[in-house]
Amino acid sequence: MDLLERFAQGEIDAFETLVRQFQGQIYGWIVRIVRDPGVAEDLTIETLWRVYKARGRFRPDASFAAWARRIATNLAIDYLRTRHSEQALVVEPAGRAGADLLEQQEMQQKIQQAFRRLPAKLQVAATLALIEERSYDEIADVLGTSVGAVKLRVFRAIRILRKRLRHLWTNSGVSEVER
Amino acid sequence: MSEQEERQIREALRRSFPPVDTELRRDLWPDVLRRIDTQSPGVPWYDWALIAVMAALCLYAPRLILVLAYHL
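Residues numbered from 1 in each chain as written. Chains lettered and ligands numbered in written order. Predicted model: local features only at pLDDT ≥ 70, side-chain atom pairs only at ≥ 80, totals over all residues. Heavy atoms only, no water.

> Please explain the overall build of chain A as it appears in this structure.
Helix and strand counts for chain A come out as eight helices and zero strands. The N-to-C order of helical and strand elements in chain A reads α-α-α-α-α-α-α-α. Taking all 179 residues of chain A together, the buried fraction comes to 47%. Contacts in chain A between residues at least 24 apart in sequence constitute 60% of all its contacts with a sequence separation of at least 6. For chain A, the exposed area adds up to about 8,800 Å²; of that, 47% sits on carbon and sulfur atoms. (Helix = DSSP H or I, 4+ residues; strand = E, 2+ residues; numbered from the N terminus. Buried < 20%, exposed > 50% of the residue type's maximum accessible area, 1.4 Å probe, protein only. Contact = heavy atoms within 4.5 Å. Areas by Shrake-Rupley, 256 points an atom, 1.4 Å probe, with all protein chains shown as cover.)

> Whenever I open this one, the packing of helix α5 (residues 99–116) of chain A against helix α1 (residues 3–16) of chain B confuses me. Can you help?
Two quantities define a packed helix pair, namely the angle between the axes and the distance from one axis to the other. Remark: α5 of chain A packs on α1 of chain B, axes separated minimally by 9 Å, with the N-to-C direction vectors making an angle of 105°. For the element pair α5 of chain A / α1 of chain B, the angle class is roughly perpendicular. In this structure, α5 of chain A contributes Q108, I111, Q112 and F115 of chain A to the contact, and α1 of chain B contributes A12, L13, R15 and S16 of chain B. Tallied by class, the residues present in the contact of α5 of chain A with α1 of chain B amount to four nonpolar, three polar and one charged. (Axes fitted to C-alpha atoms, helices over the stretch in contact; angles between N-to-C directions. Parallel < 35°, antiparallel > 145°, perpendicular 65-115°, else oblique. Nonpolar A, V, L, I, M, F, W, Y, C, P; charged D, E, K, R; others polar.)

> How should I be thinking about the pattern of salt bridges in this particular structure?
Pairing is possible between side chains of opposite charge, provided their charged atoms come close. Summed over the entire model, instances satisfying the criterion amount to 19 salt bridges over all chains. Between R6 of chain A and E11 of chain A there is a salt bridge, with its nearest N and O atoms 2.9 Å apart. Classification of E11 of chain A as partly exposed rests on a relative accessible area of 33%. Between E46 of chain A and R35 of chain B there is a salt bridge, and its shortest N-O distance comes to 2.8 Å. Of this pair, E46 of chain A sits in helix α3 (residues 37–53) while R35 of chain B sits in helix α2 (residues 29–38), each in a different chain. (Salt bridge = Lys/Arg side-chain N within 4 Å of Asp/Glu carboxyl O.)

> I keep staring at the side chain of Q108 of chain A and nothing clicks. Help me out?
Checked against the element boundaries, Q108 of chain A lands in helix α5. Engagement of the side chain of Q108 of chain A in a polar contact is seen with the backbone oxygen of R15 of chain B, the distance being 3.3 Å. (Polar contact = N/O pair within 3.5 Å; in protein donor to acceptor, adjacent residues only side chain to side chain.)

> Please clarify how the nonpolar core should be interpreted in this entry.
What tends to happen in soluble globular proteins is that the nonpolar side chains get buried as a cluster. Membership of the largest hydrophobic core comes to 68 residues, with the highest contact counts inside it found for F7, F15 and F64 of chain A together with L13 of chain B. Among the elements that line this core, the one with the most residues is helix α2 (residues 12–34) of chain A, at twelve residues. Discounting residues that sit within four places of it in the chain, F64 of chain A has contacts with L4, F7, L18, F22, V51 and F58 of chain A. (Core = buried A, V, L, I, M, F, W, Y, C linked by side-chain atoms within 4.5 Å.)

Given below as structure tokens:
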């Protein structure tokens, strides 16, 4: 019997094989969205558990990877919804020194903060399209929506960011991000 | 929105969110297995239905409680 059929019937050995085969892929996808390795590991475990729980609904002729990635994306969106918006990433300096560097770091933090305040769905679409440069087709597939809807989300994200960050570009780099 | 503005935002985002390491450093199977094992088994609907029927019967005929207590 096929591995996916055995998984759909609840065989734990088949699921173990699938976990070992796809855990890296799922983790890689989640970490691109949440950008935190610890959180991505937790969400990968949660994704795999949900995949196992929902095995009865899985069609063995479908793609396991695509199905798991959709579950993972939904979990990542839920996480972004609940995450504290003030949490900022620490950006490593690019090698330049002095006040210029500090100014640049401050600017990057403001951009991160503004980005993290975007609604979760816009954030995910913008992360995948603008930062990770994924195709609109791929993003639409994992979000379970149309290409047009993804383009609209990215457009809205850019518009909000432009509004929140316009002072950064008009006032020599560093200024308050709009609330 | 001009293309230049859009490009400016794209570039700013890429600078502010450096590439992440996408490689998984450890095997997550033991954690997944633990998660599956600790999952509390849900009570099936027919058990709830049975409880509801028994409660209703006991309310209708309280002496049934004694019969149940004898048999359980």
